[in-house]
Each structure stands twice: as structure tokens, then as C-alpha cells.
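Descriptive analysis of the structure
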Amino acid sequence: MSLSIFSAARLDSGCFWKKGKIAKSNMWSDKQLLVRASVASSPQSLRFARKKSEKLQKDVRIAVLGASGYTGSEIVRLLANHPYFGITLMTADRKAGQSLGSVFPHLITQDLPDMVAVKDADFSEVDAVFCCLPHGTTQEIIKGLPKNLKIVDLSADFRLRDILEYEEWYGQPHQAPELQKEAVYGLTEISREDIRRARLVANPGCYPTSIQLPLVPLIRANLIQSKNIIIDAKSGVSGAGRGAKEANLYTEIAEGIHSYGITRHRHVPEIEQGLSEAAQSKITVSFTPHLMPMSRGMQSTIFVEMHSGVTVDDLYEQLKIAYQDEEFIALLGKGDVPHTRHVRGSNYCLMNVFPDRIPGRAILISVIDNLVKGASGQALQNLNVMMGLPEDMGLNYLPLFP
Ligand SMILES: NC(=O)C1=CN([C@@H]2O[C@H](COP(=O)(O)OP(=O)(O)OC[C@H]3O[C@@H](n4cnc5c(N)ncnc54)[C@H](OP(=O)(O)O)[C@@H]3O)[C@@H](O)[C@H]2O)C=CC1
Ligand SMILES: CC(=O)N[C@@H](CCC(=O)OP(=O)(O)O)C(=O)O
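Residues numbered from 1 in each chain as written. Chains lettered and ligands numbered in written order. Predicted model: local features only at pLDDT ≥ 70, side-chain atom pairs only at ≥ 80, totals over all residues. Heavy atoms only, no water.

Right, let's get into the nonpolar core. In terms of nonpolar packing, the biggest core is built from 45 residues, with I62, V64, F85, F130 and L383 touching the most fellow members. By residue number, the principal contributor to this core is helix α14 (residues 372–386), which donates 7 residues. Sequence-distant contacts of V64, that is, excluding residues within four places in its chain, are made with G72, I75, V76, I87, L89, M90, T91, F130 and C132. The next biggest cluster of nonpolar side chains, apart from the first, holds 40 residues, and it includes L187, I271, F287 and I302. (Core = buried A, V, L, I, M, F, W, Y, C linked by side-chain atoms within 4.5 Å. Buried < 20%, exposed > 50% of the residue type's maximum accessible area, 1.4 Å probe, protein only. Helix = DSSP H or I, 4+ residues; strand = E, 2+ residues; numbered from the N terminus. Contact = heavy atoms within 4.5 Å.)

Moving on, we get to the packing of helix α9 (residues 188–196) against α14. Packed helices, taken two at a time, are described by the angle their axes make and the gap between the axes. It is at 9 Å that the axes of α9 and α14 come closest, and there the two elements cross at 35°. In the packing of α9 onto α14, the handedness of the crossing is right-handed. Listed contacts from α14 to T188, E189, R192, I195 and R196 of α9 are K373, Q378, Q381, N382, V385 and M386. When grouped by side-chain class, the residues that make up the contact of α9 with α14 number 3 nonpolar, 4 polar and 4 charged. (Axes fitted to C-alpha atoms, helices over the stretch in contact; angles between N-to-C directions. Left-handed = near helix turned anticlockwise from the far one by under 90°. Nonpolar A, V, L, I, M, F, W, Y, C, P; charged D, E, K, R; others polar.)

Glancing now at the UniProt feature "active site" (unreviewed entry) in the protein. Mapped onto this structure's residue numbering, the UniProt feature "active site" (unreviewed entry) falls at C206. Structurally, C206 can be placed in helix α10 (residues 206–220). Those residues within four positions of C206 in sequence are excluded, and the remaining contacts are H267, M298, I368, N370 and G374. (UniProt positions renumbered as here; feature names shortened; annotations may be inferred.)

All right, on to the pairing of strand β15 (residues 361–368) then. Extensive coverage of β15 is indicated by the burial of 8 of its 8 residues. The alternating pattern of β15 places R361, I363, I365 and V367 on one face and A362, L364, S366 and I368 on the opposite face, and all of these are buried. Here 8 bridges tie strand β12 (residues 298–305) to β15, and the two strands are oriented antiparallel to one another. When the sheet's bridge partners are listed, F303 is paired in β15 with I363. Pairing between strand β14 (residues 349–355) and β15: 6 bridges, direction antiparallel. Within β15, the position partnered with P355 by the bridge is A362. What sits between the antiparallel neighbours β14 and β15 is a turn of 5 residues, in which G360 has the positive phi angle 85°. (Pairing = 2+ DSSP bridges.)

As a matter of local geometry, ligand 1 sits amid 28 residues, with S68, T71, R94, L133 and R242 nearest to it. R94 places a side-chain nitrogen or oxygen 2.8 Å from an oxygen atom of ligand 1. K95 places a polar main-chain atom, nitrogen or oxygen, 2.8 Å from an oxygen atom of ligand 1. Surface burial for ligand 1 is 85%, taken as the share of its 900 Å² of free accessible area covered by protein chains. Every element with two or more residues in the shell around ligand 1 is listed here: α4 (70–79) and α14. Of the residues that constitute the shell around ligand 1, the class distribution is 10 nonpolar, 13 polar and 5 charged. Inspection of the shell around ligand 1 shows a minimum of three residues originating in each of domain 1 (3–204 + 375–386) and domain 2 (207–370). (Near = heavy atom within 4 Å. Polar contact = N/O pair within 3.5 Å; in protein donor to acceptor, adjacent residues only side chain to side chain. Areas by Shrake-Rupley, 256 points an atom, 1.4 Å probe, with all protein chains shown as cover. Domains from an automatic or database assignment.)

Here N352 lies in strand β14. At 2.9 Å, the side chain of N352 and the backbone oxygen of G333 are in polar contact.

Further remarks concern the site of ligand 2. Around ligand 2 sit 14 residues in total, of which R159, C206, Y260, H265 and H267 are the nearest. In this structure, C206 approaches ligand 2 through a main-chain N or O atom, which is 3.1 Å from an oxygen atom. For ligand 2, the accessible surface in isolation is 440 Å², of which the surrounding protein chains cover 83%. Looking at the shell around ligand 2, its residues break down into 6 nonpolar, 6 polar and 2 charged.

The way to describe two aromatic rings as a pair is by their centre distance and the angle between their planes. On inspection of all chains with the given rule, the structure shows 3 aromatic pairs. Aromatic pair Y166 and Y170: ring centres 4.8 Å apart, planes at 10°, arrangement stacked. Linking Y166 with Y170, this pair stays in helix α7 (residues 163–170), spanning 4 residues, or about one helical turn. Comparing Y166 with Y170 shows no difference in burial state: the two are buried. Taken together, a centroid distance of 5.3 Å and an interplanar angle of 70° make the contact between Y207 and F287 edge-to-face. Here the residue Y207 occupies a position in helix α10, and F287 occupies one in strand β11 (residues 285–291), the gap between them amounting to 80 residues. (Phe/Tyr/Trp six-rings, centres within 6.5 Å; stacked < 30°, edge-to-face > 60°.)

The UniProt feature table records "domain: Semialdehyde dehydrogenase NAD-binding" (unreviewed entry) at residues 61–198. Counting secondary structure, residues 61–198 comes out at 32% helix and 16% strand; the distance between its end C-alpha atoms is 18 Å.

Before going further, it helps to spend a moment on the confidence of the model for the protein. With 86% of its residues at a pLDDT of at least 70, the protein reaches an overall mean of 89. The weakest mean pLDDT in the protein belongs to strand β1 (residues 16–18) at 28; the strongest belongs to β15 at 99. Predicted confidence is poor over residues 1–56, with pLDDT under 50, and the contacts of this stretch with residues over four places away or in other chains come to 60 contacts. On the interface metric, ipTM, the complex scores 0.98, and its pTM is 0.89. (pLDDT = per-residue confidence, 0-100.)

This is the structure in C-alpha cells:
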């Protein structure tokens with residue numbers, strides 16, 4: 001469904017947009033249906049009314065490719081709260097033919113189609129796609145999709161503008177160079193205007209999201225030096241996906257941490273691409289990721305050198321200016337430390353900046369939930385932007401704490 005038809009349809013039904021926020025007129029009339037049902041009748045009729053109201057409201061038909069994985073199922077969880085996006089198609093590979101509720105019992109209450117193999121998927125009842133598949137396979141699959149679909153791809157396949165760099169870091173030639181030219185890199189707060197016009201958005205990786213959000217405004221404002229940026233990052237295990245791997249067994253992960261991908265993690269070129277664009281000159285970084293014994297969460301601790309005469313207060317003020325109107329980015333009070341446990345299950349990024357003991361240096365800390373702001377939440381934020389909807393639709397989840 002094109003946006004203009006979509007908007008017109010919603011206008012017909014009585015809702016309208018005002019200053020980027022939704023103004024409620026009779027758009028929640030189906031919610032009134034729910035209230036009537038709850039006053040007058042049994043839990044069954046309430047359940048029926050709820051399903052009916054969902055079907056009435058959900059105008060944009062969504063396919064989730066890879067719904068049986070962690071990011072795919074997280075999209076499904078978030079969409080349960082979205083007033084306009086309704087799922088009409090879900091795919092899986094090994095789990096094709098199964099219901100999502102049988103694969104993820106926490107989603108059993110949702111009224112969803114069974115998952116099918118991608119080769120059997122019918123896209124005729126689909127307007128937009130969240131593609132939550134492994135890199136490598138994704139390019140081939142997206143290449144074969146109808147060209148009218150809006151797509152947010154969560155894999156790394158369309159993130160690197162230079163396909164030779166893709167080949168170098170991902171170990172195989174790019175299979176869809178024409179689509180790569182069309183793709184827009186979707187770090188929402190940084191590239192919102194380009195995302196608005198995009199058909200295919202490459203959703204950023206989780207590490208690059210947590211790293212670019214604090215660094216880009218400071219680099220753009222020329223407050224920090226482009227050399228000697230050192231990034232120490234830590235991820236929860238869900239970052240590695242749900243597929244069974246020996247390295248991700250409980251015994252290999254619990255009661256300790258370890259670094260991996262030292263100097264050669266495939267997010268290096270993605271991080272450097274974003275920072276170099278912000279600086280308009282080549283930036284190279286030292287990046288070391290670590291695996292933490294937790295399911296979700298990501299922290300990036302970033303050591304930077306300030307330009308001569310710049311203070312940590314200047315960095316703080318610049319971040320404040322950059323993000324003061326951003327719903328999902330929160331700069332903490334001076335001296336307060338961001339915790340991953342304070343963003344769990346939410347689309348928020350918390351950040352702060354601290355003076356180092358070494359004069360002229362500063363330490364940035366940012367935290368996100370790798371599955372939400374680092375993947376599915378940002379993907380939904382991007383599709384909202386692509387559809388001209390308020391960016392926070394379906395994303396108003398406060399963090400789950402404790
Ligand atoms: N996990 C995270 O925190 C983040 C992940 N990403 C990226 O998002 C994508 C999905 O990640 P995640 O959800 O964690 O991965 P999972 O391993 O949890 O899920 C992968 C999904 O893809 C399906 N699949 C696997 N191989 C194929 C194939 N050859 N053809 C069709 N479908 C296939 C799987 O189906 P089945 O289970 O039925 O076999 C499953 O639904 C990846 O590219 C990942 O790098 C990006 C940011 C963060
Ligand atoms: C803990 C863990 O293994 N994390 C993954 C990154 C997850 C992610 O963002 O990967 P994509 O670039 O594929 O989207 C890794 O280090 O490869």
C-alpha cells in the first residue's frame with residue numbers, strides 16, 4: 001500500500017496527523033468496542049473484540065522473514081503494540097510449517113499465520129518486509145522480492161556502500177550490487193531524511209549503533225580527534241542469534257567474559273564508514289567486542305582525544321544539543337553511569353561522557369538493548385519513518401527493570 005493511499009485511508013477513518021504526533025478523533029473507536037465488550041460480556045467476547053479491533057486497525061501488511069529467530073520474534077513482540085502494522089506472512093527455515101507460538105511460547109497469545117519457507121511465501125498480501133535472515137542468504141532473497149515492497153533488512157548485507165569492502169570482510173562477492181546502490185543506511189537519528197525517501201533500508205548492526213550514536217555528533221562538530229579512537233564493547237549472547245553453536249553453550253558463556261574478533265570483527269568497516277562520513281575524512285578505530293553472560297544488552301565504552309581547548313563539558317553540551325528532541329536517546333545527568341539493565345526490552349539508548357584522568361581525553365559510554373535499538377526496535381522505528389508515521393509507534397515500551 002502506498003503511503004498516500006495509506007494516509008488517505010486513515011484520514012477517511014477520522015484520524016489525522018498534527019505536528020508529527022497523532023491526534024485522536026475517532027481512530028480509537030474500536031477501542032471503545034473493547035470497552036463495551038469488557039463492560040457487558042464474557043472474557044471470550046472481549047478476546048473476540050480485541051482480535052476484531054486489531055484486524056480493523058492494521059492497515060499495512062507486514063512480512064517477517066526469519067520470524068523463528070531472535071530479531072524476527074522481537075519484531076513480532078513489538079508489532080503486537082503497533083496500531084497500523086499487521087503481520088500477514090512469516091517465514092522460517094528449519095522451523096517452516098510450525099506456528100510461532102510453538103517455537104516461542106511467549107508469543108502464543110498472538111493470532112498469527114504459521115511460518116512458511118521463503119520459497120513458498122506469497123508476497124501478494126504484503127506491503128512491507130522486515131528481513132531478519134543471516135547475511136549472505138539475505139541478498140539473494142531480497143533480490144527476488146517484488147519491487148513495490150518497502151524493506152528493512154536487519155542483516156549486514158546492504159550496510160557497506162563499497163561492495164569490495166563487503167567481499168573483503170564477509171568473505172564472498174556481493175550478489176546484489178544494484179540493490180546496494182539503492183539501500184539507505186538506517187541509523188535513524190542520523191539519517192532520518194534519507195530513510196524517509198528509502199525503499200530499502202539497511203538496519204545498522206548492534207555494535208555500530210551503540211558506537212555511532214555518541215560519536216557522530218562529536219565528530220561532526222569537530223570536537224574530538226579522528227585518530228586514536230578506542231572502543232571496548234560488550235554484548236549479551238542473543239547478539240549471536242538463536243542457532244545452536246558450541247561457543248554459545250551455557251558452559252562456554254556463564255561465569256566469565258571473553259573478547260573475540262580482536263582487530264578483525266566484521267563491524268569494523270561499518271563503524272569506520274559511518275564515522276568517516278561524519279568526519280568527511282577517513283577514520284580508523286580500534287574495536288574490541290566482548291561476550292557477556294547475559295541474554296540482552298550492549299555497552300560501548302569509547303576512549304577519545306579532544307581537540308586542543310575542548311573540554312568534557314563541551315562534549316556534554318554537544319550531545320545535549322544533538323539529542324534533546326530525540327525520544328529514544330537520553331543523555332544522563334553529569335556523572336551518572338549508563339547501565340545495560342536500564343534499557344532492557346526498550347528502544348532507548350542511554351549515554352554519557354566522562355573526563356579521563358589523562359588530560360585531553362574523554363570516555364563515552366552508551367548502552368542499548370541489542371535486540372531492540374540494536375536491531376528490531378530500530379527497524380520498526382525506520383519503517384515508521386518510511387511510512388510517514390510517528391517514529392515511536394509501537395515502540396513505547398519502558399525498560400523492564402529489575
Ligand atoms: N541478534 C542480534 O542482536 C542482532 C542480529 N542482527 C542480524 O539480524 C539477522 C537475524 O539475526 P538473529 O535473529 O539474531 O538470527 P537467528 O539465528 O536467531 O535467526 C535467523 C533466522 O533466519 C532463518 N534462516 C536461517 N537460514 C536461513 C536460510 N538459508 N534461508 C531462509 N531463512 C533462514 C532462521 O530460520 P530457522 O530458525 O527456522 O532455521 C531464523 O528464522 C542476522 O543477519 C543478524 O546478523 C542485527 C543486529 C542485532
Ligand atoms: C554476540 C555476537 O555474536 N554478536 C554478533 C553481532 C550481532 C550483530 O549485530 O550482527 P550483524 O552485523 O550480523 O547484524 C557478532 O559479534 O557477530
